[in-house]
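Okay, here's what each chain looks like letter by letter:
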Amino acid sequence: MEDNKTQFPQQPPPPPNDVAETNKFWAPQAWAHLQSVRRSSPLIQCITNFVSMDLVANVLLSGGASPAMLHSVQEIPDFTPKTHALCINVGTLVPDWLPAMKMAAQVANECNKPWVLDPVAAGASGFRLKACLDLLKLRPTVVRGNGSEIMALFRGSVDENSKGADSLHESTDAIEAAKSLAQISGSIVAVSGAIDIVTDGHRVVGVKNGVPMLQKITATGCSVTALIAAFVAIDPLRPFEATATALSVFGLAGEIGMDMAKGPASLRMYLIDALHGLDEATILRRVNIGKML
Ligand SMILES: Nc1ncnc2c1ncn2[C@@H]1O[C@H](COP(=O)(O)OP(=O)(O)OP(=O)(O)O)[C@@H](O)[C@H]1O
Ligand SMILES: Cc1ncsc1CCO
Ligand SMILES: [Mg+2]
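Residues numbered from 1 in each chain as written. Chains lettered and ligands numbered in written order. Predicted model: local features only at pLDDT ≥ 70, side-chain atom pairs only at ≥ 80, totals over all residues. Heavy atoms only, no water.

In the annotation of an unreviewed UniProt entry, the entry for the protein reads Hydroxyethylthiazole kinase, and the organism field reads Buddleja alternifolia. Under the UniProt heading Pathway (unreviewed entry), the note attached to the protein is "Cofactor biosynthesis; thiamine diphosphate biosynthesis; 4-methyl-5-(2-phosphoethyl)-thiazole from 5-(2-hydroxyethyl)-4-methylthiazole: step 1/1." Recorded under Catalytic activity (unreviewed entry), the UniProt text for the protein is reproduced unchanged: "5-(2-hydroxyethyl)-4-methylthiazole + ATP = 4-methyl-5-(2-phosphooxyethyl)-thiazole + ADP + H(+)". (UniProt positions renumbered as here; feature names shortened; annotations may be inferred.)

This is the structure:
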């Protein structure tokens, strides 16, 4: 695969508004996106944190994509143009990594490749917040964080009570912040939680798939951000739709995995199995995406 425009199948045109707000639209759309990822196996470059590397790569593989965890400045000019999307995650940020993140985002922009930002613990420190805000200026296609991360980005201030990578807020607390952030940045903004929120600054949908135990496995948020990159890679002109379906497919894999799991460790394993095995009938029956507000 050389080029998104020539290699990926065209997605159907958007439906009328009343249909677009229901599962009549979203469930077949989720299946079409997953099938497209499985068929074309987009190459996703991940500059991600040390904690998440293994789970992120395995979630991308079980979703049907090709992960590449390359983060050296020296490799970006050669490699980033070959990818179909880029995922940047600041989870274990040190100053040495920032030039690679910024260069990769710039190369992705120059090559018209979508890229996705995961602002892990954005409000934990001034250093991290500034790094995230600088990356936001490079116009990510999608920003996906938990409630506290999206609120810290919107406010532009360090959170005195920050719990680091974990959220102190419900995703629904961050709806207005997410809408405003999307309007200011031009990015699609997704807030994960019991209901995942996705907004382009005007439309807001809620994704009601998932299980609470996903919060007890580190880097499930990082992994769903990378899956969003894979879905946006195969439908780059409709990042709002691709973000919502990626969150739903991941959450549904969590629900199916939970039927077999005994706790977080086995859920981690069954989540990967379930994502690999997801079929059309299950997606059409269980995807749960709807309009918010
Ligand atoms: N209460 C919940 N019920 C159902 N699903 C949930 C719940 N909380 C989180 N999830 C799901 O868990 C996944 C991770 O979301 P979370 O908000 O925990 O990300 P995060 O805080 O960025 O995680 P991490 O930083 O560990 O990667 C998402 O798919 C989300 O939909
Ligand atoms: C726990 C943790 N700390 C920094 S990154 C990370 C992984 C989840 O975001
Ligand atoms: Mg996170």
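Novice: Quick one: what's the story with the overall build of the protein, residue by residue and with numbers?
Specialist: For the protein, the count of helices and strands is 13 helices and 9 strands. Taken over C-alpha atoms, the radius of gyration comes to 17 Å for the protein, in line with the 19 Å a tight globule of 293 residues would show. By principal-axis analysis of the C-alpha atoms, the protein measures approximately 45 × 45 × 40 Å. Across the 293 residues that make up the protein, the buried fraction comes to 57%. A separation of at least 24 residues holds for 72% of the contacts in the protein among residues at least 6 apart in sequence. Accessible surface for the protein amounts to roughly 12200 Å². Of this, 54% is attributable to carbon and sulfur atoms. Of note, the protein has its 24 positive side-chain charges centred 2 Å away from the centre of its 27 negative side-chain charges. (Helix = DSSP H or I, 4+ residues; strand = E, 2+ residues; numbered from the N terminus. Rg over C-alpha atoms; globule rule 2.2 N^0.38 Å. Buried < 20%, exposed > 50% of the residue type's maximum accessible area, 1.4 Å probe, protein only. Contact = heavy atoms within 4.5 Å. Areas by Shrake-Rupley, 256 points an atom, 1.4 Å probe, with all protein chains shown as cover. Lys, Arg positive; Asp, Glu negative; His and termini not counted. Charge placed at Lys NZ, Arg CZ, Asp CG, Glu CD.)

Novice: Run through the sheet that holds strand S1 (residues 43–47), naming residues and quoting values.
Specialist: Taken in spatial order, the 9 strands make up an open sheet running S2-S1-S3-S4-S5-S6-S7-S8-S9, and their pairing is mixed. Looking at which strands have only one partner, the edges of the open sheet turn out to be strand S2 (66–68) and strand S9 (289–291). If you compare each strand with its neighbour and ignore which way they point, the axes differ by 20 degrees on average. Judged from the 3 bridges that link them, strand S6 (residues 188–192) and strand S7 (residues 196–199) form a sheet pairing that is antiparallel. Directly across from alanine 190, in S7, lies its bridge partner valine 198. (Pairing = 2+ DSSP bridges. Axes fitted to C-alpha atoms, helices over the stretch in contact; angles between N-to-C directions.)

Novice: For the site of ligand 1, give the residues involved together with the corresponding values.
Specialist: In the vicinity of ligand 1, 17 residues are found, and the nearest of them are Asn146, Ser192, Asp196, Gly221 and Cys222. Alanine 219 places a polar main-chain atom, nitrogen or oxygen, 3.1 Å from an oxygen atom of ligand 1. Contact distances for ligand 1 include 2.9 Å between an oxygen atom and a backbone N or O atom of cysteine 222. Its free accessible area being 630 Å², ligand 1 has 91% of it covered by the protein chains. Looking at the shell around ligand 1, the elements that each hand over two or more residues are strand S5 (142–146) and helix H10 (220–234). (Near = heavy atom within 4 Å. Polar contact = N/O pair within 3.5 Å; in protein donor to acceptor, adjacent residues only side chain to side chain.)

Novice: Let's hear about the site of ligand 2: which residues, and what values?
Specialist: Around ligand 2, a shell composed of Asn49, Val51, Gly91, Val120, Ala165, Thr218, Ala219 and Cys222 is seen. Coverage of ligand 2 by the protein chains reaches 70% of its 280 Å² of free accessible surface. Of the residues belonging to the shell around ligand 2, the class tally is 5 nonpolar, 3 polar and no charged. (Nonpolar A, V, L, I, M, F, W, Y, C, P; charged D, E, K, R; others polar.)

Novice: Quick rundown of the side chain of serine 52? Include the residues and the values.
Specialist: In this fold, serine 52 is placed in the loop between S1 and helix H4 (53–63). A residue is classified by how much of its surface remains accessible, and serine 52, at 0% relative accessible area, is buried. Once you skip the residues sitting within four places of it in the chain, serine 52 turns out to touch Ala219 and Cys222.

Novice: Give me the lowdown on the pattern of salt bridges, citing residues and values where you can.
Specialist: In total, this model carries 9 salt bridges according to the counting rule given. Notably, a salt bridge pairs aspartate 118 with arginine 144, separated by 2.7 Å at the nearest N-O pair. In this pair, aspartate 118 sits in strand S4 (residues 115–118) while arginine 144 sits in strand S5, placing the two residues 26 residues apart along the sequence. The closest approach of N and O atoms between arginine 203 and glutamate 241, which form a salt bridge, is 3.3 Å. Highlighted residues: arginine 203 in the loop between S7 and strand S8 (204–207) and glutamate 241 in helix H11 (residues 239–260), separated in sequence by 38 residues. Via salt bridges that share partners, Lys102, Lys130, Asp134 and Lys137 belong to a single interconnected network. (Salt bridge = Lys/Arg side-chain N within 4 Å of Asp/Glu carboxyl O.)

Novice: Now, about the packing of H11 against helix H12 (residues 264–277): what can you tell me, with residues and values included?
Specialist: Look at H11 against H12: their axes get within 7 Å of each other, and the N-to-C directions meet at 125 degrees. Considered as vectors, H11 and H12 are oriented oblique to each other. For the pair H11 and H12, the crossing hand works out as right-handed. Between H11 and H12, the residues in contact are Val249, Phe250, Ala253, Gly254, Ile256, Gly257, Met258 and Met260 and Leu267, Tyr270, Leu271, Ala274 and Leu275, respectively. Partitioning the contact of H11 with H12 into residue classes produces 11 nonpolar, 2 polar and no charged. (Parallel < 35°, antiparallel > 145°, perpendicular 65-115°, else oblique. Left-handed = near helix turned anticlockwise from the far one by under 90°.)

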